[in-house]
Protein chains: 2
Amino acid sequence: MKDKVKVIAFDADDTLWENEPYFRKSEDQFAEMMSDYMPPHDVNRALLKTEIDNLPTFGYGVKSFVISMIETAMKLSDGTISGKMVEKIIEIGRNQLNQPVFVLDGVEKVLKALQNKYKLVMATKGDLMEQEGKLEKSGLEQYFHHIEVLSEKKKSNYDKLIAHLDVRPEEFLMIGNSVRSDILPVLELGGNAIHVPFHTTWEYEKAEVNLDHASFHALEHIEQVLELVG
Amino acid sequence: MKDKVKVIAFDADDTLWENEPYFRKSEDQFAEMMSDYMPPHDVNRALLKTEIDNLPTFGYGVKSFVISMIETAMKLSDGTISGKMVEKIIEIGRNQLNQPVFVLDGVEKVLKALQNKYKLVMATKGDLMEQEGKLEKSGLEQYFHHIEVLSEKKKSNYDKLIAHLDVRPEEFLMIGNSVRSDILPVLELGGNAIHVPFHTTWEYEKAEVNLDHASFHALEHIEQVLELVG
């Protein structure tokens, strides 16, 4: 892997910095708000359904999440929730966007060690503006050549990304915490992938890891990346 | 201009295809919905204020527009509008995202004539997913090397874009309908810019054109681009 790879793409959310816990926290606040209508677990299940239904139209990110919370609140309350509640939901989204960014342990050490050996890019789905904001707050901007935003982390989009980067698939390495989004489509294209798990995974992103692939490595901690490509 | 330029970037909304009329139509529907509370002109003014206040947090695109409509409805009704109304607002956004794409007259002719002479990119702000969807529906995808999404079309982002494209500013030409977003920041950086007006401009995008700049051309119709770089 070390001799072939020219570009290393890092997933952002829950690979470089904490993200999923903020969604969990917002979901908890929302479930609490809706507790007059339904127990928290059922509220979360209804919200997840709305979110997945909305992905093709509204995509990823906090704005989409806000719209899904409002729609779910309308459904669960039969359109009776108050204007104040809707304002509170928008406030949950606004607060989430204004959270501090906590860079995960070992990330900066890895980026620093790799930055002069490879072209490093940040490859993220979700909202460009949100991700730029987080990158700026993280202090990690200096390590990346540029940001690549994919509307969906699927094979055809990675194909375009690799073409755009002017490398062959075997020269491309993706590092991320989501098997579904960061690993499987890249392996399918003939690229390299390293899975670094995060303690929390969004229900929708859960997938099985195919451990038998030659271009795939599953690690426990991001610092172990340096043993493979450092 | 013709001898120096290597990359031509086209703005998307209202340069390649109609966009602003859909926002106008949605705004009209929203103002109509809110007509019990305020005359249409005042509803639109309140909405514009909310949108501009929300730009730093929520950015451009339909999702942000939906959130701004909901917030405005809450403000104007003092939090009393019904769940049904909120659902209707979300529906306005969903409908807007599902509209057909009308490519503007002359666009395809220009792209076809330029595609083998220059690297063509689509440079848009707003939501990647929305813009990818429109590009696909437009049938223009084949002409572009790739899409560049800028969270905001400001000087520092064009600077990054030009660096990322590996060209010098004088080798970069931006074509678009917004003086504020497509023209002024590019000229400031030493790039080339061509303004092709669209019949409707969002209030926020209006700005004066500096006609005296050597690297700037103002055209009446996009086909005239071919007289400059064809």
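1. Side note on the overall build of chain A
And then number 1: Looking only at helices and strands, chain A has 9 helices and 6 strands in total.
And then number 2: Against the compact-globule benchmark of 17 Å for 230 residues, chain A has a radius of gyration of 19 Å, which places it among compact chains.
And then number 3: Counting only C-alpha atoms and orienting by the principal axes, one finds that chain A spans roughly 60 × 35 × 30 Å.
And then number 4: By the burial criterion, 43% of the 230 residues in chain A qualify as buried.
And then number 5: Long-range pairs, those at least 24 residues apart, make up 68% of the contacts in chain A with a sequence separation of at least 6.

2. A few points about unusual backbone geometry
All names here are of chain A.
And then number 1: Even without glycine at this site, Asp-14 takes up a positive phi of about 70 degrees.
And then number 2: With respect to the secondary-structure elements, Asp-14 resides in the loop between strand E1 (7-10) and helix H1 (20-33).
And then number 3: Accessibility expressed as a C-beta count within 10 Å gives 23 for Asp-14, which makes it buried.
And then number 4: With phi around 60 degrees, Asp-166 is a residue other than glycine that occupies positive phi space.

3. Regarding the interface of chain B and chain A
And then number 1: Listed per partner, the contact involves 30 residues of chain B and 30 residues of chain A.
And then number 2: Broken down by secondary-structure element, the contributors of at least two residues to the side of chain B that touches chain A are helix H2 (40-58), helix H3 (62-76), helix H4 (83-97), helix H6 (128-138), strand E3 (146-150) and helix H7 (155-164) of chain B.
And then number 3: Each residue belonging to the side of chain B that touches chain A can be placed in one class, and the counts come to 12 nonpolar, 11 polar and 7 charged.

4. Side note on the environment of Leu-120 of chain A
Residue and element names in this part refer to chain A.
And then number 1: Assignment of secondary structure puts Leu-120 in strand E2 (residues 119-125).
And then number 2: With 20 C-beta atoms counted inside 10 Å, the residue Leu-120 sits in the buried group.
And then number 3: Distance in space between the C-alpha atoms of Leu-120 and Ser-151 is 20 Å, their sequence separation being 31 residues.
And then number 4: Ignoring sequence-local partners within four residues, the contact set of Leu-120 consists of Ile-8, Phe-10, Leu-111, Leu-114, Gln-115, Tyr-143, Phe-144 and His-145.

5. Comments concerning H2 of chain B
And then number 1: Along H2 of chain B, the helix axis deviates most sharply at Ile-52 of chain B, where the bend reaches about 25 degrees; the proline Pro-56 of chain B sits within four residues downstream.
And then number 2: Turning to H2 of chain B, its buried residues are Val-43, Ala-46, Leu-47, Glu-51, Asn-54 and Phe-58 of chain B.
And then number 3: Against the buried residues of H2 of chain B lie helix H3 (62-76) of chain A together with helix H1 (20-33) and H3 of chain B.
And then number 4: In the stretch just after H2 of chain B, Gly-59 of chain B is the one whose phi turns positive, near 70 degrees.

6. Section: the sheet that holds E1 of chain A
Residue and element names in this part refer to chain A.
And then number 1: The 6 strands lie next to each other as E3-E2-E1-E4-E5-E6, forming an open sheet whose pairing is parallel. The open sheet is flanked by strand E3 (146-150) and strand E6 (216-218), the only strands paired with a single partner. Strand after strand, the sheet turns through a mean of 20 degrees between neighbouring axes, direction not considered.
And then number 2: With 4 bridges connecting them, E1 and E2 associate as parallel partners. Counted as the bridge partner of Ala-9 is Val-121 from E2.

7. Observations concerning the nonpolar core
And then number 1: Ranked by internal contacts, the top residues of the largest apolar core, which has 80 residues, are Ile-8 and Phe-10 of chain A together with Ile-8 and Phe-10 of chain B.
And then number 2: Excluding anything up to four places from it in sequence, Ile-8 of chain B contacts Leu-114, Tyr-118, Leu-120, Leu-173, Ile-175 and Val-229 of chain B.

8. Re the domain arrangement of chain A
All names here are of chain A.
And then number 1: One can read the domain layout of chain A as domain 1 (7-18 + 102-229) and domain 2 (20-97).
And then number 2: Residue-level contacts link 13 residues of domain 1 with 12 residues of domain 2.
And then number 3: For the side of domain 1 that touches domain 2, the class distribution of residues is 3 nonpolar, 4 polar and 6 charged.

9. Some thoughts on the relation of the copies chain B and chain A
Mapping one chain copy onto the other needs a rotation about an axis and a shift along that axis.
And then number 1: In the superposition of chain B on chain A (RMSD 0.0 Å, axial shift 0.0 Å), the rotation amounts to 180 degrees. Put plainly, the chains are arranged around a two-fold axis. Ranked by how close their C-alpha atoms come to the rotation axis, the residues of chain B are headed by Lys-63 of chain B, at 3.1 Å.
And then number 2: A share of 100% of interface residues in chain B that are also interface residues in chain A marks the association as one of identical surfaces.

Calculation criteria
- Residues numbered from 1 in each chain as written.
- Chains lettered and ligands numbered in written order.
- Predicted model: local features only at pLDDT ≥ 70, side-chain atom pairs only at ≥ 80, totals over all residues.
- Helix = DSSP H or I, 4+ residues; strand = E, 2+ residues; numbered from the N terminus.
- Rg over C-alpha atoms; globule rule 2.2 N^0.38 Å.
- Buried ≥ 20, exposed ≤ 12 C-beta atoms within 10 Å, placed from the backbone.
- Contact = placed C-beta atoms within 7 Å.
- Nonpolar A, V, L, I, M, F, W, Y, C, P; charged D, E, K, R; others polar.
- Bend = angle between axes of the 7 residues up to and from the residue.
- Pairing = 2+ DSSP bridges.
- Axes fitted to C-alpha atoms, helices over the stretch in contact; angles between N-to-C directions.
- Core = buried A, V, L, I, M, F, W, Y, C linked by C-beta atoms within 7 Å.
- Domains from an automatic or database assignment.
- Least-squares fit on C-alpha atoms with pLDDT ≥ 70 in both.

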